[in-house]
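Observations on chain architecture
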Amino acid sequence: MRVDVVSIFPEYFAPLDLSLIGRARANGVLQLAVHDLRTWTHDVHRTVDDTPYGGGPGMVMRPEPWGEALDALAPVDAPPPRLLVPSPAGAPFTQAMAYELAAESHLLFACGRYEGIDQRVLAHAATRMPVTEVSLGDYVLFGGEVAVLVMLEAVTRLLPGVLGNAGSLDEESHAHGLLEAPIYTKPPSWRGHDVPEVLRSGDHGKIARWRREEGLLRTAARRPDLLAALPTDRLDKRDIAA
Ligand SMILES: Nc1ccc2ncsc2c1
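The model shown is predicted, which means the values in this text are computed figures rather than measured ones.

Rules behind the numbers
- Residues numbered from 1 in each chain as written.
- Predicted model: local features only at pLDDT ≥ 70, side-chain atom pairs only at ≥ 80, totals over all residues.
- Heavy atoms only, no water.
- Helix = DSSP H or I, 4+ residues; strand = E, 2+ residues; numbered from the N terminus.
- Polar contact = N/O pair within 3.5 Å; in protein donor to acceptor, adjacent residues only side chain to side chain.
- Contact = heavy atoms within 4.5 Å.
- Buried < 20%, exposed > 50% of the residue type's maximum accessible area, 1.4 Å probe, protein only.

1. Things to note about the side chain of H35
Residue placement: H35 occurs in strand 2 (residues 31-36). For H35, the side chain forms a polar contact with the side chain of D4, separated by 2.7 Å.

2. Some words on the environment of L136
Structurally, L136 is set in the loop between strand 7 (131-135) and helix 5 (145-156). The spatial distance from the C-alpha of L136 to the C-alpha of V34 is 21 Å, given a sequence separation of 102 residues. Beyond its immediate sequence surroundings of up to four residues, L136 is in contact with F93, A147, V150 and M151.

3. Let's talk about unusual backbone geometry
With an omega of 5°, the peptide bond between K186 and P187 qualifies as cis. You will see that R46, though not glycine, has its phi angle at about 55°, which is positive. Here R46 lies in the loop between strand 2 and strand 3 (49-50). Under the relative-accessibility criterion, R46 is labelled partly exposed at 38%. Phi angles above zero are rare outside glycine, and R191 is one such case at about 50°. Among the structural elements, R191 can be located in the loop between strand 8 (189-190) and strand 9 (193-194). You can call R191 exposed: its relative accessible area is 71%.

No statement about biological role is implied by the geometric values presented.
Following this line, the structure appears as structure tokens:
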């Protein structure tokens, strides 16, 4: 997968050389390039923002540098990338979207700052590539960079060969629309707290049922919205009896 990131703070992405993402880049699973938006400015001050039409606080990112950056990174003679723009006004980023993005061959992330990017940049880009404004949650950051780091980690870990134990993807929270069950390791008893007996029983059927029930209980307690969204065919009669 090729990933291009455009930001006025490219140094934000230094952590991507670490750990699993660093390894994914080293072994060619991920080709990542980070670009400074100011590369596509032409004035002595390398200006990327201006005051908002209609008044209001803050500044808006000018369309010209973005237009030239997207022209350079998404040339018309190449298959179009998917453009992702973090925004508090975006569609929720979910594990399902992470899987969707992990299947793409080229992602292009546009990191806004200030009050955001002139909307015409997205409107023009949408004439030749899929554009998705994405929200990480109902809160506001200083810009899109941290959101891109989160999305990149969520997507990269789904790429083939990145996670040592791919099986763990099957059991983690949100893998099947539920939260995962509690997990334990040695010692069997610690400060008066014991590991649930069933997990030490060696009965894999009982263990699988216990984990599903615990995941359902956690989901019902902490994220009833996920339970409500679960397709009914994903809940069998044993679950309802639980
Ligand atoms: N451009 C921008 C500004 C704030 C913010 N908060 C979450 S995503 C995002 C993107």
